[in-house]
Amino acid sequence: MNKVKVSRSFLGVLLLAAFLGMILAASAQQSGEELYEAAVFKKDADGDMEGAIKIFREIVERFPSNVEIAAKAQLQIGICYEKLGQKNVKQAQEAFQKVLDNFPGQSEEVRIAKEKLSSLAKTRTAPDDKGLRERQLLSGPDLLYDGWLGAVSPDGKYVSIVDWETGDLAIRDLTTGKKQRLTDQKNEKGYALYSRWSPDGKKIVYDWWHGKSYVDLRIIAIEEKKPHTVYNEYAWPM
(Lines give C-alpha, C1' and ligand atoms only; values in the text may rest on other atoms or scores of the structure.)
Protein backbone atom coordinates (compact mmCIF):
# COMPACT_ATOMS: atom_id res chain seq x y z
CA MET A 1 0.00 0.00 0.00
CA ASN A 2 2.78 2.44 0.94
CA LYS A 3 4.69 1.51 -2.21
CA VAL A 4 1.65 2.39 -4.32
CA LYS A 5 1.28 5.76 -2.59
CA VAL A 6 4.96 6.52 -3.08
CA SER A 7 4.79 5.60 -6.78
CA ARG A 8 1.73 7.76 -7.32
CA SER A 9 3.33 10.67 -5.46
CA PHE A 10 6.52 10.36 -7.51
CA LEU A 11 4.51 10.21 -10.70
CA GLY A 12 2.64 13.33 -9.66
CA VAL A 13 5.91 15.18 -9.05
CA LEU A 14 7.16 14.20 -12.50
CA LEU A 15 3.97 15.36 -14.15
CA LEU A 16 4.08 18.64 -12.24
CA ALA A 17 7.70 19.20 -13.22
CA ALA A 18 6.94 18.49 -16.87
CA PHE A 19 3.95 20.83 -16.76
CA LEU A 20 6.03 23.60 -15.20
CA GLY A 21 8.73 23.05 -17.80
CA MET A 22 6.18 23.48 -20.57
CA ILE A 23 4.91 26.68 -18.98
CA LEU A 24 8.44 28.08 -18.61
CA ALA A 25 9.31 27.17 -22.20
CA ALA A 26 6.17 28.82 -23.49
CA SER A 27 6.85 31.85 -21.32
CA ALA A 28 10.43 32.11 -22.63
CA GLN A 29 9.24 31.92 -26.24
CA GLN A 30 6.62 34.55 -25.61
CA SER A 31 9.20 36.79 -23.96
CA GLY A 32 11.45 36.42 -27.00
CA GLU A 33 8.64 37.43 -29.33
CA GLU A 34 7.69 40.33 -27.09
CA LEU A 35 11.28 41.54 -27.02
CA TYR A 36 11.44 41.23 -30.80
CA GLU A 37 8.30 43.33 -31.23
CA ALA A 38 9.70 45.94 -28.84
CA ALA A 39 12.98 46.09 -30.74
CA VAL A 40 11.22 46.44 -34.10
CA PHE A 41 9.10 49.25 -32.68
CA LYS A 42 12.22 51.02 -31.40
CA LYS A 43 13.84 50.65 -34.83
CA ASP A 44 10.90 51.66 -37.02
CA ALA A 45 8.87 53.99 -34.84
CA ASP A 46 11.55 55.62 -32.69
CA GLY A 47 14.38 55.41 -35.22
CA ASP A 48 16.70 54.34 -32.40
CA MET A 49 18.97 51.91 -34.23
CA GLU A 50 21.54 51.50 -31.47
CA GLY A 51 18.84 50.87 -28.87
CA ALA A 52 17.19 48.33 -31.14
CA ILE A 53 20.52 46.57 -31.73
CA LYS A 54 20.93 46.04 -27.98
CA ILE A 55 17.52 44.34 -27.73
CA PHE A 56 18.06 42.22 -30.83
CA ARG A 57 21.40 41.06 -29.41
CA GLU A 58 19.73 40.19 -26.14
CA ILE A 59 17.24 38.02 -28.03
CA VAL A 60 20.02 36.15 -29.84
CA GLU A 61 21.88 35.56 -26.57
CA ARG A 62 18.87 34.62 -24.42
CA PHE A 63 16.93 32.50 -26.90
CA PRO A 64 19.47 30.57 -29.02
CA SER A 65 17.24 27.46 -29.04
CA ASN A 66 14.38 29.44 -30.56
CA VAL A 67 16.12 29.60 -33.91
CA GLU A 68 13.22 31.28 -35.70
CA ILE A 69 13.16 34.36 -33.47
CA ALA A 70 16.96 34.37 -33.00
CA ALA A 71 17.55 34.33 -36.78
CA LYS A 72 15.10 37.20 -37.26
CA ALA A 73 16.83 39.19 -34.52
CA GLN A 74 20.28 38.56 -36.02
CA LEU A 75 19.03 39.72 -39.42
CA GLN A 76 17.61 42.87 -37.86
CA ILE A 77 20.98 43.67 -36.27
CA GLY A 78 22.47 43.85 -39.75
CA ILE A 79 19.59 45.97 -41.03
CA CYS A 80 20.05 48.43 -38.15
CA TYR A 81 23.77 48.77 -38.85
CA GLU A 82 22.99 49.23 -42.54
CA LYS A 83 20.64 52.11 -41.69
CA LEU A 84 23.36 53.75 -39.58
CA GLY A 85 25.33 54.48 -42.77
CA GLN A 86 28.71 53.92 -44.39
CA LYS A 87 30.69 53.99 -41.14
CA ASN A 88 28.90 50.84 -40.01
CA VAL A 89 29.07 48.82 -43.24
CA LYS A 90 31.58 46.37 -41.77
CA GLN A 91 29.37 45.67 -38.72
CA ALA A 92 26.38 45.19 -41.02
CA GLN A 93 28.30 42.69 -43.15
CA GLU A 94 29.42 40.77 -40.07
CA ALA A 95 25.85 40.64 -38.75
CA PHE A 96 24.43 39.36 -42.05
CA GLN A 97 27.23 36.79 -42.31
CA LYS A 98 26.27 35.43 -38.88
CA VAL A 99 22.78 34.74 -40.23
CA LEU A 100 24.35 32.49 -42.88
CA ASP A 101 26.76 30.84 -40.45
CA ASN A 102 24.51 30.34 -37.43
CA PHE A 103 21.05 29.89 -38.96
CA PRO A 104 21.46 28.04 -42.28
CA GLY A 105 18.08 26.35 -41.85
CA GLN A 106 16.12 29.62 -41.81
CA SER A 107 15.74 29.96 -45.56
CA GLU A 108 13.96 33.33 -45.68
CA GLU A 109 16.41 35.06 -43.34
CA VAL A 110 19.35 33.49 -45.20
CA ARG A 111 17.98 34.71 -48.53
CA ILE A 112 17.60 38.28 -47.28
CA ALA A 113 21.06 38.23 -45.65
CA LYS A 114 22.66 37.11 -48.94
CA GLU A 115 20.91 39.91 -50.82
CA LYS A 116 22.07 42.42 -48.23
CA LEU A 117 25.68 41.20 -48.39
CA SER A 118 25.68 41.46 -52.17
CA SER A 119 24.25 44.97 -52.02
CA LEU A 120 26.75 46.12 -49.39
CA ALA A 121 29.66 44.75 -51.42
CA LYS A 122 28.58 46.94 -54.35
CA THR A 123 28.03 49.95 -52.09
CA ARG A 124 31.58 49.85 -50.73
CA THR A 125 32.98 50.39 -54.26
CA ALA A 126 30.46 53.08 -55.22
CA PRO A 127 31.00 56.83 -54.69
CA ASP A 128 29.58 58.33 -51.51
CA ASP A 129 27.64 61.61 -51.32
CA LYS A 130 30.87 63.61 -51.69
CA GLY A 131 31.99 61.70 -54.77
CA LEU A 132 34.70 59.86 -52.85
CA ARG A 133 35.59 56.27 -53.69
CA GLU A 134 37.32 53.66 -51.55
CA ARG A 135 39.60 51.23 -53.40
CA GLN A 136 42.70 49.30 -52.41
CA LEU A 137 45.62 50.42 -54.57
CA LEU A 138 48.71 48.82 -53.06
CA SER A 139 49.43 46.09 -50.56
CA GLY A 140 52.29 43.90 -49.39
CA PRO A 141 55.64 44.28 -51.20
CA ASP A 142 54.14 46.67 -53.78
CA LEU A 143 53.41 49.16 -51.02
CA LEU A 144 57.07 49.12 -49.98
CA TYR A 145 58.73 49.20 -53.38
CA ASP A 146 56.17 51.21 -55.34
CA GLY A 147 54.26 53.31 -52.84
CA TRP A 148 57.29 54.36 -50.77
CA LEU A 149 59.40 55.76 -53.62
CA GLY A 150 56.63 56.58 -56.06
CA ALA A 151 53.14 58.02 -55.89
CA VAL A 152 49.63 57.31 -57.16
CA SER A 153 48.50 59.34 -60.17
CA PRO A 154 45.78 61.98 -59.61
CA ASP A 155 43.21 59.83 -61.42
CA GLY A 156 44.09 56.78 -59.27
CA LYS A 157 44.94 54.62 -62.31
CA TYR A 158 48.72 54.40 -62.05
CA VAL A 159 51.58 54.50 -59.58
CA SER A 160 55.08 55.73 -60.42
CA ILE A 161 57.78 53.20 -59.59
CA VAL A 162 61.43 52.32 -60.08
CA ASP A 163 61.97 49.41 -62.47
CA TRP A 164 64.69 47.69 -60.49
CA GLU A 165 65.65 45.50 -63.46
CA THR A 166 67.10 48.51 -65.26
CA GLY A 167 66.83 51.37 -62.78
CA ASP A 168 64.47 53.26 -65.08
CA LEU A 169 61.48 55.31 -64.02
CA ALA A 170 58.27 53.43 -64.83
CA ILE A 171 54.55 53.46 -64.11
CA ARG A 172 52.38 50.51 -63.09
CA ASP A 173 48.75 50.16 -64.13
CA LEU A 174 46.86 49.56 -60.88
CA THR A 175 44.09 47.66 -62.67
CA THR A 176 46.11 45.29 -64.82
CA GLY A 177 49.42 45.37 -62.92
CA LYS A 178 51.34 45.98 -66.17
CA LYS A 179 54.52 48.03 -66.03
CA GLN A 180 55.57 50.67 -68.58
CA ARG A 181 59.04 52.24 -68.60
CA LEU A 182 59.20 55.98 -69.16
CA THR A 183 62.98 56.24 -69.42
CA ASP A 184 65.51 54.16 -71.29
CA GLN A 185 68.78 55.15 -69.76
CA LYS A 186 70.74 51.89 -69.85
CA ASN A 187 73.79 53.74 -71.15
CA GLU A 188 73.73 56.16 -68.22
CA LYS A 189 74.99 55.21 -64.77
CA GLY A 190 72.57 55.42 -61.88
CA TYR A 191 68.86 54.88 -61.36
CA ALA A 192 65.59 56.65 -60.63
CA LEU A 193 64.41 57.22 -57.05
CA TYR A 194 61.60 59.31 -55.57
CA SER A 195 58.90 60.49 -57.96
CA ARG A 196 55.72 62.62 -57.84
CA TRP A 197 52.99 63.44 -60.37
CA SER A 198 51.96 66.84 -61.72
CA PRO A 199 48.38 67.83 -60.76
CA ASP A 200 47.14 67.13 -64.31
CA GLY A 201 48.77 63.67 -64.34
CA LYS A 202 50.70 64.41 -67.55
CA LYS A 203 54.20 64.75 -66.12
CA ILE A 204 56.33 63.22 -63.38
CA VAL A 205 59.13 64.86 -61.43
CA TYR A 206 61.75 62.41 -60.16
CA ASP A 207 65.27 61.97 -58.87
CA TRP A 208 68.05 60.39 -60.88
CA TRP A 209 70.79 59.09 -58.60
CA HIS A 210 74.30 59.06 -60.11
CA GLY A 211 76.00 57.57 -57.08
CA LYS A 212 77.54 59.00 -53.91
CA SER A 213 75.62 62.26 -53.35
CA TYR A 214 75.05 63.39 -56.91
CA VAL A 215 71.33 63.65 -57.79
CA ASP A 216 69.49 65.23 -60.71
CA LEU A 217 65.96 66.51 -60.33
CA ARG A 218 64.23 65.70 -63.61
CA ILE A 219 60.82 66.06 -65.25
CA ILE A 220 59.39 63.76 -67.89
CA ALA A 221 56.14 64.00 -69.86
CA ILE A 222 54.25 60.71 -69.96
CA GLU A 223 53.57 60.97 -73.70
CA GLU A 224 56.95 62.30 -74.83
CA LYS A 225 59.15 60.13 -72.58
CA LYS A 226 62.01 62.64 -72.85
CA PRO A 227 63.50 63.57 -69.47
CA HIS A 228 64.59 67.12 -68.76
CA THR A 229 66.97 68.02 -65.93
CA VAL A 230 65.72 71.05 -63.99
CA TYR A 231 68.11 70.94 -61.04
CA ASN A 232 71.42 69.13 -60.63
CA GLU A 233 71.92 69.35 -56.92
CA TYR A 234 70.72 67.17 -54.04
CA ALA A 235 66.90 67.52 -53.93
CA TRP A 236 63.81 65.39 -53.35
CA PRO A 237 60.44 65.83 -55.10
CA MET A 238 57.67 66.43 -52.56
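An account of the accompanying structure is given in this report. What you see is a predicted model, and the numbers here were worked out from it, not measured in a lab.

**Here's the deal with helix H3 (residues 67-83)**
Consideration 1: For H3, spanning 17 residues, the distance from its first C-alpha to its last is 24 Å, which sits close to the expected 24 Å at 1.5 Å a residue.
Consideration 2: Counting buried residues in H3 gives 12 out of 17 residues, a clear majority hidden from the surface.
Consideration 3: Considered for burial, the residues of H3 that qualify are Ile69, Ala70, Ala71, Ala73, Gln74, Leu75, Gln76, Ile77, Gly78, Ile79, Cys80 and Tyr81.
Consideration 4: Once H3 finishes, Gly85 follows within two positions and takes phi at roughly 105°, a positive value.

**Section: a nonpolar patch on the surface**
Consideration 1: Taken together, the side chains of Tyr234, Trp236 and Met238 present a nonpolar region at the surface, about 420 Å² in accessible area.
Consideration 2: By the element assignment, Trp236 lies in the segment after strand S7 (228-231).

**Digging into the pattern of salt bridges**
For side chains bearing opposite charge, pairing can occur when the charged atoms are close.
Consideration 1: With the rule as written, the count across this model stands at 11 salt bridges.
Consideration 2: Ionic pairing is found between Glu58 and Arg62, a salt bridge with its closest N-O pair at 3.0 Å. Pair noted here: Glu58 and Arg62 are both in helix H2 (residues 49-62), with a separation of 4 residues, about one helical turn.
Consideration 3: According to the relative accessible area criterion, Glu58 is partly exposed, its value standing at 31%.
Consideration 4: What makes Arg62 partly exposed here is its relative accessible area of 47%.

**With respect to the sheet that holds strand S1 (residues 158-163)**
Consideration 1: Across the sheet, 3 strands lie side by side as S1-S2-S3; this open sheet has antiparallel pairing. Whereas interior strands pair on both sides, the edge strands pair on one side only; in this sheet they are S1 and strand S3 (179-181). Across the sheet, the mean angle from the axis of one strand to that of its neighbour is 35°, orientation sign disregarded.
Consideration 2: Direction of pairing for S1 relative to strand S2 (residues 168-173): antiparallel, over a ladder of 6 bridges. By the bridge assignment, Tyr158 is partnered in S2 with Asp173.

**Regarding the packing of aromatic side chains**
Consideration 1: Counted under the stated rule, the structure contains 2 aromatic pairs.
Consideration 2: With a centroid separation of 6.0 Å and an interplanar angle of 55°, the aromatic rings of Trp164 and Tyr191 are classed as tilted. Placement of the pair is Trp164 in the loop between S1 and S2 and Tyr191 in strand S4 (residues 191-197), with a sequence separation of 27 residues.

What counts and how
Residues numbered from 1 in each chain as written. Predicted model: local features only at pLDDT ≥ 70, side-chain atom pairs only at ≥ 80, totals over all residues. Heavy atoms only, no water. Helix = DSSP H or I, 4+ residues; strand = E, 2+ residues; numbered from the N terminus. Expected span 1.5 Å × (residues − 1). Buried < 20%, exposed > 50% of the residue type's maximum accessible area, 1.4 Å probe, protein only. Patch = residues over 30% accessible without salt bridge, like charges linked within 9 Å, V, L, I, M, F, W, Y side chains within 5 Å. Areas by Shrake-Rupley, 256 points an atom, 1.4 Å probe, with all protein chains shown as cover. Salt bridge = Lys/Arg side-chain N within 4 Å of Asp/Glu carboxyl O. Pairing = 2+ DSSP bridges. Axes fitted to C-alpha atoms, helices over the stretch in contact; angles between N-to-C directions. Phe/Tyr/Trp six-rings, centres within 6.5 Å; stacked < 30°, edge-to-face > 60°.

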